[in-house]
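# Fold and contact review
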Amino acid sequence: MTKGILIRRFVDDSRIFIDMPDNPDNPCIACGACCAHFRVSFYCGELTGGSGGFVPEHLTSKLNNVMACMKGTEAGNGRCIALVGELGQRGIGCSIYPDRPTPCREFAAWQKDGTPDPDCQRLRARIGLPALPPLPANDLVFEDHAMAGR
């Protein structure tokens, strides 16, 4: 990995949304483990189809009157329908990355202090990938932006 990983953090209503670069420094583009493990559930107001949301409704399942989840993740330990590529292989990614739901926007491989996220580490090991190294604070670049609309 090279130095200076740019992670953009957007803050909206005290929630943090993470965007990582689509380049070799981003460990997610050769992993995908979180997208094949967690149940991705979120408020149904994020769905397209009249509510003003952005997550494609046809890729989701209704959990109840207020919550939806990405198809494939309903029970956890299932692969998200939006995940394309092979787990642990370069080129894996989210087919709806710009329109992904809040839980996906809030998850980052590294914490703000440069330590790897423990859940990320555990899931990487589960699919045979090496642990991410901690990054010196000056090698991890965060840009905080307030969200204006979406």
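Just so it is clear, the structure is predicted and the values come from calculations on it, not from any experiment.

### Overview of the overall build of the protein
A tally of regular secondary structure across the protein gives two helices and eight strands. For the protein, the N- to C-terminal ordering of α and β elements is β-β-β-β-β-β-β-α-α-β. Expressed as a percentage of the 150 residues in the protein, the buried residues total 39%. Once local pairs closer than 6 in sequence are excluded, the contacts in the protein between residues at least 24 apart make up 57%. Total accessible area computed for the protein in this model is approximately 8,100 Å², and 54% of it derives from carbon and sulfur atoms.

### Digging into the side chain of R100
With respect to the helices and strands, the residue R100 is situated in the loop between β7 (93-94) and α1 (102-106). Taking the relative accessible area as the measure of exposure, R100 reaches 4% and is therefore buried. Within polar-contact distance, the side chain of R100 engages the backbone oxygen of Y97 at 2.7 Å. Contact partners of R100, with chain neighbours within four places excluded, come to I18, D19, F54, V55, C94 and R105.

### Some words on the layout of surface pockets
The calculated volume of the largest pocket comes to roughly 730 Å³. For the largest pocket, the lining is made up of 34 residues, of which C28, C34, C35, C94 and Y97 are closest to its centre. Those elements that place two or more of their residues in the lining of the largest pocket are β2 (15-19), β7, α1 and α2 (118-126). Looking at the lining of the largest pocket, its residues break down into 26 nonpolar, four polar and four charged.

### Some details on the sheet that holds strand β4 (residues 60-62)
Strand-to-strand pairing in sheets goes through backbone hydrogen bonds, with the strands running parallel or antiparallel. Strand order in the open sheet made by the three strands is β3-β5-β4, with antiparallel pairing throughout. Lying at the two open borders of the sheet, with one neighbouring strand each, are β3 (41-43) and β4. On average, each strand axis in the sheet is inclined to that of its neighbour by 35°, with strand direction left out of account. Pairing geometry for β4 and strand β5 (residues 67-70), over three bridges, is antiparallel. Bridge pairing in β5 places S61 opposite C69.

### Description of the packing of aromatic side chains
Throughout the structure, instances matching the rule amount to one aromatic pair. On the basis of an interplanar angle of 55° and a centroid distance of 5.9 Å, the ring pair of F38 and F107 is categorised as tilted. Residue F38 is located in the loop between β2 and β3, and its partner F107 is located in the loop between α1 and α2; the two are separated by 69 residues in the primary sequence. The exposure class of F107 is partly exposed, given its relative accessible area of 25%.

### Some remarks on the pattern of salt bridges
This model, assessed by the stated rule, comprises one salt bridge. Two residues, R122 and D119, come together in a salt bridge whose shortest N-O distance is 3.2 Å. Of the two residues, R122 and D119 both sit in helix α2, three residues apart, roughly one turn of that helix. The class for R122 is partly exposed, based on a relative accessible area of 42%.

Cut-offs used in this document
Residues numbered from 1 in each chain as written. Predicted model: local features only at pLDDT ≥ 70, side-chain atom pairs only at ≥ 80, totals over all residues. Heavy atoms only, no water. Helix = DSSP H or I, 4+ residues; strand = E, 2+ residues; numbered from the N terminus. Buried < 20%, exposed > 50% of the residue type's maximum accessible area, 1.4 Å probe, protein only. Contact = heavy atoms within 4.5 Å. Areas by Shrake-Rupley, 256 points an atom, 1.4 Å probe, with all protein chains shown as cover. Polar contact = N/O pair within 3.5 Å; in protein donor to acceptor, adjacent residues only side chain to side chain. 1 Å grid on protein atoms, 1.4 Å probe; cavity = no way out; pocket = protein on both sides within 12 Å on 5 of 7 lines; lining within 4 Å. Points joined across faces, edges and corners; volume = space filled by probe spheres on them. Nonpolar A, V, L, I, M, F, W, Y, C, P; charged D, E, K, R; others polar. Pairing = 2+ DSSP bridges. Axes fitted to C-alpha atoms, helices over the stretch in contact; angles between N-to-C directions. Phe/Tyr/Trp six-rings, centres within 6.5 Å; stacked < 30°, edge-to-face > 60°. Salt bridge = Lys/Arg side-chain N within 4 Å of Asp/Glu carboxyl O.

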